[in-house]
Amino acid sequence: MRMLSIILVIIFSAIPFVFAQNISEGTQFCIDCHNSINPGIVQDWMSSRHAKTSPIEALKREKVERRISNEDVPANLANTIVGCYECHGLNTDNHKDSFDHFDYKINVVVSPNDCKTCHSVEVDQYSVSTKAHAVGNLTQNPVFDLLVETTISPKTIEGEKIIQAKASHFTRRETCFGCHGTVVDVKGTKTIDSDLGKVEVPDLAGWPNQGVGRINPDGGMGACTSCHSRHAFSLIDARKPYTCSQCHIEPDVPAYNVYKESKHGNIFFAHGNSWNFDQVPWVIGKDFKAPTCTVCHSSLITDLEGNMVAERTHNFDARIWVRIFGLIYSHPQPKDGATHTMKNADGLPLPTTFTNAQAADFLINKEEAQSRQAQMEKICKSCHSTDWVEKHFEKFDNTNKETDGIVLSTTRLLQKAWDKKIVDNKNPFDEEIEMKWVQQWLFYANSIRYSSAMTGAPDYATFKNGWWYLTKTLQEMKKDIKK
Amino acid sequence: MRMLSIILVIIFSAIPFVFAQNISEGTQFCIDCHNSINPGIVQDWMSSRHAKTSPIEALKREKVERRISNEDVPANLANTIVGCYECHGLNTDNHKDSFDHFDYKINVVVSPNDCKTCHSVEVDQYSVSTKAHAVGNLTQNPVFDLLVETTISPKTIEGEKIIQAKASHFTRRETCFGCHGTVVDVKGTKTIDSDLGKVEVPDLAGWPNQGVGRINPDGGMGACTSCHSRHAFSLIDARKPYTCSQCHIEPDVPAYNVYKESKHGNIFFAHGNSWNFDQVPWVIGKDFKAPTCTVCHSSLITDLEGNMVAERTHNFDARIWVRIFGLIYSHPQPKDGATHTMKNADGLPLPTTFTNAQAADFLINKEEAQSRQAQMEKICKSCHSTDWVEKHFEKFDNTNKETDGIVLSTTRLLQKAWDKKIVDNKNPFDEEIEMKWVQQWLFYANSIRYSSAMTGAPDYATFKNGWWYLTKTLQEMKKDIKK
Amino acid sequence: MRMLSIILVIIFSAIPFVFAQNISEGTQFCIDCHNSINPGIVQDWMSSRHAKTSPIEALKREKVERRISNEDVPANLANTIVGCYECHGLNTDNHKDSFDHFDYKINVVVSPNDCKTCHSVEVDQYSVSTKAHAVGNLTQNPVFDLLVETTISPKTIEGEKIIQAKASHFTRRETCFGCHGTVVDVKGTKTIDSDLGKVEVPDLAGWPNQGVGRINPDGGMGACTSCHSRHAFSLIDARKPYTCSQCHIEPDVPAYNVYKESKHGNIFFAHGNSWNFDQVPWVIGKDFKAPTCTVCHSSLITDLEGNMVAERTHNFDARIWVRIFGLIYSHPQPKDGATHTMKNADGLPLPTTFTNAQAADFLINKEEAQSRQAQMEKICKSCHSTDWVEKHFEKFDNTNKETDGIVLSTTRLLQKAWDKKIVDNKNPFDEEIEMKWVQQWLFYANSIRYSSAMTGAPDYATFKNGWWYLTKTLQEMKKDIKK
């Protein structure tokens, strides 16, 4: 009798995965070998929606429920499930990293330009965002380039001087450009010893990397795998805050830290296991009960009756009106995702001068800011009263003003140190007192703003990485200058 | 028969929620609009026990299983489920924030005095705790008031002097008083643009806020929503450590950080998903296998046979005998939750002097301390031998003594700095060396004591925020004074 | 039909636990009392595999699926489930902590030597690891002993001097030796007041403690409960990263912090709840989709077809070729788990000198390192291409070189401070500038290496506890020396 129940369970829940008939010959060929060489990849893909659905089937859903944004897809791809070869074998002529692999021409790197075949709306939205331009926004901005080099370069001692060498591509790849992305370039080909013997493959620079602004061998910008992990490419990952936390984390971008300590985070961690992270559209109150990162910044949200609360966007700047991190002062969101193209009154590619004069031509105007804020408020109001929401953003505005003020005070102290020749200002990031100044805006003021924006983490804003250290560092700098 | 009921549960649990017939007219009227304006609120409430149970039904349970602590409730509330109007429409005469809203008189803020209608035991317990007095314990204590102002006030530079302005109510609300609570006061009325057109509502100061000591417009102290999130008001939230972690977190109150790194936390994070957080009474070994915060500090705990291990309390001080955080030295728990009423030998409202003479009259005596410790030990012994438990608390006692000792050494160094006029002692919290002294007790000594109390986090107590920095800061201060 | 299977499952899974008939008389006697005195312990054990399986049944499984590693067990233990008395009543002649307890002779502490009765392969592997020798590796190494004492000792002030007392056994137990383990010794016997009246028990020093290198009253080294929590002794705990995080955590060994911010961690936290942590062997792609700590360092891993990816080991050094934490420089893994037996060119028991000359005789050679790396790469290749994996480890090698370089620069600055008599080098750990030097290697360089090794946490390696502070500390030390 017990045996019977076990048998029934096996029949009904554990029927071994049977491939849909419409798997392509190319993909089947890939799997035949890679299933034993890289079982993790193949099994992960098998758990994906890609492995179970052909584009033509995906298009049969109501538009609002679709995960595919193109209205149609090339005929040769429409009827097969989305397997290895469908993605790695696409657009090989455009890919500098394409190569012959057991008689199939494939690319090592799948680029947003490839994903675009089915997900063009997402790729187009993403392509104008600061995320897509994350590499150039560091490397083509001499100010940030100097900050990067000063921070991550090897240092040696000559006498009592610190000599700074050039940062290695290895260290660049695992620090700043781990999040921002690398330029993946093809240096030639090389032979590797694989489990199946010697195989010739492209020799790639800047690889592996999954930074958000990765520049791919076909010129495409971005790595969809930053948030939709290979090879399940799941919605679930992207909607959970763990994904964002890989980069948006203390001390410089403490979004995840603040979320964790906020009421919203508290509800997610206590109850999130019973929520549905795989539903499109994502229904407030039914599928989830408190925001995760993407609720506010990206997801397609409706109420129970199907009324639109927020349209999906993959331009993660699109719903943001004020930029609170990474720069000296808070400022309106830049118009262009390529922020290195800005120019402030001092001729530097920054949204403000060191003393907080805004480069207004490059920043969104008041109307655009208000329209974005109204969109965000609509999401908030799903669970909060109008008054609650308005008071929240009034407070947030004031916090940006106050933290900008104390950073300006700090900058004035630093200016005194420069004027008194206590340190030289050739490199504003390398002397001890300058690094304290950087911490004021990059760590502490940012942290307070995040706590304010995300309505939580009062202790974080006070003692952990906020007002306490803002004040203490000011006192330290005052002492340093007095000496 | 049991089988039949299981089948029925399966059938009926999948049917979409149908309102119980006994919903009040007022609540139905609220829902009719707010379900589309604030679907998140309504859906969250619909998932609550309040939405499914009338007080009269709640009272049918065995006393030990009840979530309602009053023996009876007003007749007009007894037979309806606990909806919007039952709480927001209560005691409107006592509420300065009551207003007419589409012909119903309601309050914006629900206060513990309202919750008391069904949960009076909890409210009475809470009302004498330090939590309930958390606002006055900062604002009416000039020492803490100075620490607050020094920390979170805007600072500007004049010459080389740092000028401290008055902290804004915005910043107060999102830092110290984000946890401690605000005074919610009514400034008048105002008209807001809601989705249903212009609506007149009370204009509230200090709102929104969910700090534990919030002073509500009806004079009630506390916000039950601090721990039982709106609008599900669930046991589950409150019993999981994420809720407590909103405020009890590094660096000054690192209860959650220590828990995470402790064996107890390890077991919770590895297995907690399969525990039952919704059971009353909460059964050791059956419902849960390792303590979360409330197991030791608040929950009603029994063993499998129903023997009482710990009575429920909402006075979170009631099981605590020694206070290990927030003050310069560890000390017996204050007798009165309003700690600002204490007076030490120097006339300051602190449990000890700066050199650790205790204000014994205001602190519980040895007998009371022993009785509380015995109660806590009873909980420990559910899973640990008598010897294990005794040795644990012997160690804890010693740790309090040792950390008090090293803080006293630091205070003596600071006294030297004052004596030598290196800094002035008018404000003991604003100069760099004084802030180092504060970190010694507020961050490092506290952290070590938490690690000891919660029997875990050895690395936290050593290198993260404990002995390493205690020692290093002492060395730094010695150097500062020598100069 | 589906309904039927659900019903059948309900019937068969919900039958309350009935003791197997083959419970020993001793264990039954223990439970009769302790079930009401310590219900948590008994319930936890009842949920264990030990409570449901006798060794003889465990041996019926295929070898690769077994949790028991001995081929046979003593006849008197073979047919009973593994209860209280089976473990606490073992080898009492070897145990200094054995005592008569209601006519049964039992030991307080269960030691690896007892577990060895069924799990000898694991105990033998463990016994040669650095973990097993974790106590002596601190106490018998005068360099580390000095670091420990300097850090955790009570300090008092005499004049302006800091006087260091001897660290108490209490503080030792809850700091360094909380992870490393204590020496559990028997001081005599004592009478305790238990719930059942006065009971005479051994009076133990160094107890309670669950550090990995605990030296037990029978001489056995280690505490299996460090990772397999009492009294369920589950695989599940040990395979989840929360267990390891008790000790392998920021700032000095930030394995868990880096994991959390890595792509691997992201996948675990987003999806781990649906994985099977209780399967042996542990199948890549089926039971789990991304590594937890033990996947790389300990577990028995196969692919879906049963091909071996990694053999189980309880010598946690066995798969590691380079040691990246706890010492001044990275270096090949020591040959012997008892690292205090090494001797460098300066005669100190360290793997390198202060200026990074390796004590090569005591470290594994290149061939052994390559063989271990090849083993680790095999695990990586389950989900990553050969090229991806090779490039990863090429980067890791470079990072070790670069961080060693910047630590050497720091050491040279410290040498200048010693040469100039700014501080004396009698104790290299106690002055402020020396503590900065320690942080360079113990906190910051280590953190960068972990981020590199575990392919994640770019922000951690940059701003949190990596390059930023490496650089800042170097600048601070330069300034300190100039004065």
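Below is a summary of the structure that appears in this document. A quick note: this is a predicted structure, and the numbers were derived from the prediction, not measured. (Residues numbered from 1 in each chain as written. Chains lettered and ligands numbered in written order. Predicted model: local features only at pLDDT ≥ 70, side-chain atom pairs only at ≥ 80, totals over all residues. Heavy atoms only, no water.)

**As for the overall build of chain A**
Looking only at helices and strands, one finds 21 helices and eleven strands in chain A. Relative to a compact globule of 483 residues, whose C-alpha radius of gyration would be 23 Å, chain A shows 25 Å and is just as compact. When its C-alpha atoms are laid out on the principal axes, chain A stretches across 80 × 60 × 50 Å. When each of the 483 residues of chain A is scored for burial, the buried share is 61%. Across chain A, every contact between residues at least 6 apart in sequence was considered, and the portion connecting residues at least 24 apart equals 56%. Working note: accessible area of chain A is about 19,200 Å², and carbon and sulfur atoms make up 55% of it. Positive and negative charge centroids in chain A, built from 53 and 58 side chains respectively, lie 6 Å apart. (Helix = DSSP H or I, 4+ residues; strand = E, 2+ residues; numbered from the N terminus. Rg over C-alpha atoms; globule rule 2.2 N^0.38 Å. Buried < 20%, exposed > 50% of the residue type's maximum accessible area, 1.4 Å probe, protein only. Contact = heavy atoms within 4.5 Å. Areas by Shrake-Rupley, 256 points an atom, 1.4 Å probe, with all protein chains shown as cover. Lys, Arg positive; Asp, Glu negative; His and termini not counted. Charge placed at Lys NZ, Arg CZ, Asp CG, Glu CD.)

**Thoughts on the interface of chain A and chain B**
By a widespread convention, an interface's size corresponds to the accessible area lost as its parts come together. Listed by partner, the interface residues are 57 residues for chain A and 72 residues for chain B. Buried area between chain A and chain B, both sides added, is near 5,700 Å², and the carbon and sulfur share of it is 56%. The interface formed by chain A and chain B includes seven salt bridges. The partner of B:E250 in a salt bridge is A:K464, and the shortest N-O contact between them spans 2.6 Å. Elements represented by at least two residues in the side of chain A that touches chain B include exactly α14 (255–261), α15 (263–271), α18 (386–419), α19 (432–453), α20 (458–464) and α21 (467–482) of chain A. With 14 residues, α18(A) is the single largest residue contributor to the side of chain A that touches chain B. (Buried area = accessible area lost by both parts, 1.4 Å probe. Salt bridge = Lys/Arg side-chain N within 4 Å of Asp/Glu carboxyl O.)

**Things to note about the interface of chain C and chain A**
The partner chain A presents 79 residues to the 62 residues of chain C that form the contact. Carbon and sulfur atoms make up 60% of the area that chain C and chain A hide from each other, which totals about 6,400 Å². For the pair chain C and chain A, the number of links is seven salt bridges. For the pair chain C and chain A, the number of links is 30 residue pairs in polar contact (both at pLDDT 80 or more). Secondary structure elements with two or more residues in the side of chain C that touches chain A: α1 (2–13), α14 (255–261), α15 (263–271), α18 (386–419), α19 (432–453), α20 (458–464) and α21 (467–482) of chain C. Considering every element that reaches the side of chain C that touches chain A, the biggest residue donor is α18(C), with 14 residues. Tallied by class, the residues present in the side of chain C that touches chain A amount to 22 nonpolar, 17 polar and 23 charged. (Polar contact = N/O pair within 3.5 Å; in protein donor to acceptor, adjacent residues only side chain to side chain. Nonpolar A, V, L, I, M, F, W, Y, C, P; charged D, E, K, R; others polar.)

**Examining the sheet that holds strand β8 (residues 301–302) of chain A**
Residue and element names in this part refer to chain A. Within the open sheet, the three strands sit side by side as β7-β8-β9. Their pairing is mixed. If you trace the sheet from one side to the other, it starts and ends with β7 (282–283) and β9 (308–310), each paired once. Bridge analysis of β8 against β9 gives two bridges, and the strand direction is antiparallel. Its bridge partner being in β9, T302 is matched across the sheet by M308. (Pairing = 2+ DSSP bridges.)

**Describing the state of the cysteines**
For the structure on display, the rule yields three disulfides over all chains. Between the sulfur atoms of B:C179 and its disulfide mate B:C247 the distance is 2.2 Å. Because the torsion about its S-S bond is -100°, the bridge between B:C179 and B:C247 counts as left-handed. Placement of B:C179 in helix α11 (residues 176–180) and of B:C247 in the loop between α13 (241–244) and α14 (255–260) is noted, with a sequence separation of 68 residues between them. Residue B:C179 is classed as buried on the basis of its relative accessible area, which comes to 13%. Owing to a relative accessible area of 22%, B:C247 belongs among the partly exposed residues under this scheme. Distance from the sulfur of A:C296, which forms no disulfide, to the nearest cysteine sulfur (A:C380) is 6.1 Å. Counting only cysteine sulfurs, C:C30 is the nearest neighbor of C:C84, a cysteine outside any disulfide, at a range of 4.4 Å. Classification of C:C84 as partly exposed rests on a relative accessible area of 25%. (Disulfide = S-S within 2.5 Å.)

**As for the packing of helix α18 (residues 386–419) of chain B against helix α19 (residues 432–453) of chain B**
A packed helix pair is summarised by two numbers, namely the angle formed by the two axes and the spacing between the axes. All names here are of chain B. Following both chains from N to C, one finds α18 and α19 inclined at 175°, their axes separated by 9 Å at the closest point. When the interaxial angle is binned, α18 and α19 end up roughly antiparallel. Taken together, the residues that form the contact of α18 with α19 break down as eleven nonpolar, eight polar and four charged. (Axes fitted to C-alpha atoms, helices over the stretch in contact; angles between N-to-C directions. Parallel < 35°, antiparallel > 145°, perpendicular 65-115°, else oblique.)

**A closer look at the pattern of salt bridges**
For the structure on display, the rule yields 84 salt bridges over all chains. Salt-bridge contacts for A:K116 lead to A:D124; the nearest nitrogen and oxygen are separated by 3.2 Å. Here A:K116 falls in the partly exposed class, since its relative accessible area comes to 31%. Its salt-bridge partner being A:D480, residue C:K479 comes within 3.8 Å of it at the nearest N-O pair. One end of the pair, C:K479, is in helix α21; the other, A:D480, is in helix α21, on a second chain. Accessibility expressed as a relative area gives 27% for C:K479, which makes it partly exposed. The structure contains a network of salt bridges with shared partners spanning A:E250, A:K464, B:E250, B:K464, C:E250 and C:K464.

**Side note on the relation of the copies chain C and chain A**
Placing chain C over chain A gives an RMSD of 0.0 Å and needs a rotation angle of 120°, together with 0.0 Å of translation along the axis. Considering both components of the superposition, the chain copies are consistent with a three-fold axis. Of the residues that chain C buries at the interface, just 13% are likewise interface residues in chain A, meaning the two copies contact each other through different surfaces. (Least-squares fit on C-alpha atoms with pLDDT ≥ 70 in both.)

**Structural notes on the relation of the copies chain A and chain B**
The transformation that overlays chain A on chain B combines an axial shift of 0.0 Å with a rotation of 120°, and the residual RMSD is 0.0 Å. Of the residues that chain A buries at the interface, just 5% are likewise interface residues in chain B, meaning the two copies contact each other through different surfaces.

**As for the pairing of strand β6 (residues 197–205) of chain B**
Residue and element names in this part refer to chain B. Relative to β6, strand β5 (residues 185–194) runs antiparallel, the two being bridged by nine bridges. The partner of S194 across the bridge, within β6, is G197. Here β5 folds back onto β6, and the loop between the two strands holds two residues.

**Overview of the environment of A:A357**
Residues and elements named next belong to chain A. By the secondary structure assignment, A357 is in the loop between β11 (331–332) and α17 (366–381). For the pair A357 and H331, spaced 26 residues apart in sequence, the C-alpha separation works out to 9.9 Å. Leave out the neighbours within four places in its chain, and A357 touches P351 and T352.

**Topic: the sheet that holds strand β8 (residues 301–302) of chain C**
Two modes of strand pairing occur in sheets, parallel and antiparallel, and in both the strands are linked by backbone hydrogen bonds. One open sheet holds the three strands; their spatial order is β7-β8-β9 (chain C), and the pairing between them is mixed. The open sheet has two edge strands, β7 (282–283) and β9 (308–310) of chain C, and neither has a second partner.

**What to know about helix α7 (residues 112–127) of chain C**
All names here are of chain C. Its 16 residues place the ends of α7 only 9 Å apart at the C-alpha level, less than the 22 Å of an ideal helix rising 1.5 Å per residue. When the local axis directions of α7 are compared, the greatest deviation, roughly 130°, occurs at H119. Close packing links the buried residues of α7 with α4 (55–58), α5 (75–78) and α6 (84–88). (Expected span 1.5 Å × (residues − 1). Bend = angle between axes of the 7 residues up to and from the residue.)

**Digging into unusual backbone geometry**
Trans is the common state for peptide bonds, and a negative phi is the common state for residues other than glycine. Following A:V280, the chain continues into A:P281 via a peptide bond in cis, with omega recorded as -10°. Along the polypeptide, A:P281 turns up in the loop between α15 and β7. The residue after B:E250, namely B:P251, is reached through a cis peptide bond having omega 5°. Tracing the sequence through the fold places B:P251 in the loop between α13 and α14. Even without glycine at this site, A:F102 takes up a positive phi of about 50°. Along the chain, the position of A:F102 falls in the loop between β1 (98–101) and β2 (104–107).

**Notes on the nonpolar core**
The biggest cluster of nonpolar side chains holds 132 residues, and the ones touching the most others in it are A:W437, B:W437 and C:W437. Counting 104 residues, the second largest nonpolar core, distinct from the first, contains A:V253, A:A369, C:I379 and C:F396. (Core = buried A, V, L, I, M, F, W, Y, C linked by side-chain atoms within 4.5 Å.)

**Digging into the pairing of strand β3 (residues 155–158) of chain A**
All names here are of chain A. Only one face of β3 is buried: it carries K155 and I157, and the other face, with T156 and E158, is open. Sheet topology note: the β3/strand β4 (residues 161–164) ladder contains four bridges and is antiparallel. Across the sheet, the residue bridging to K155 is Q164, located in β4. Hairpin connection, β3 to β4: the antiparallel pair is bridged by two residues, and G159 has positive phi, about 65°.

**What to know about the packing of aromatic side chains**
Applying the stated criterion to the full structure yields 72 aromatic pairs over all chains. Between B:W321 and B:F393, the ring centres sit 5.4 Å apart and the planes meet at 65°, which makes this aromatic pair edge-to-face. Of this pair, B:W321 sits in the loop between β9 (308–310) and β10 (322–323) while B:F393 sits in helix α18, placing them 72 residues apart in sequence. The same class applies to B:W321 and to B:F393, which are both buried. Residue placement shows A:K240 over the ring face of A:F277; its charged tip is 5.0 Å from the ring centre. Just above the ring of B:W282 sits the side chain of B:R239; from NZ or CZ to the centre is 4.1 Å. (Phe/Tyr/Trp six-rings, centres within 6.5 Å; stacked < 30°, edge-to-face > 60°. Lys NZ or Arg CZ within 6 Å of the ring centre and 35° of its normal.)

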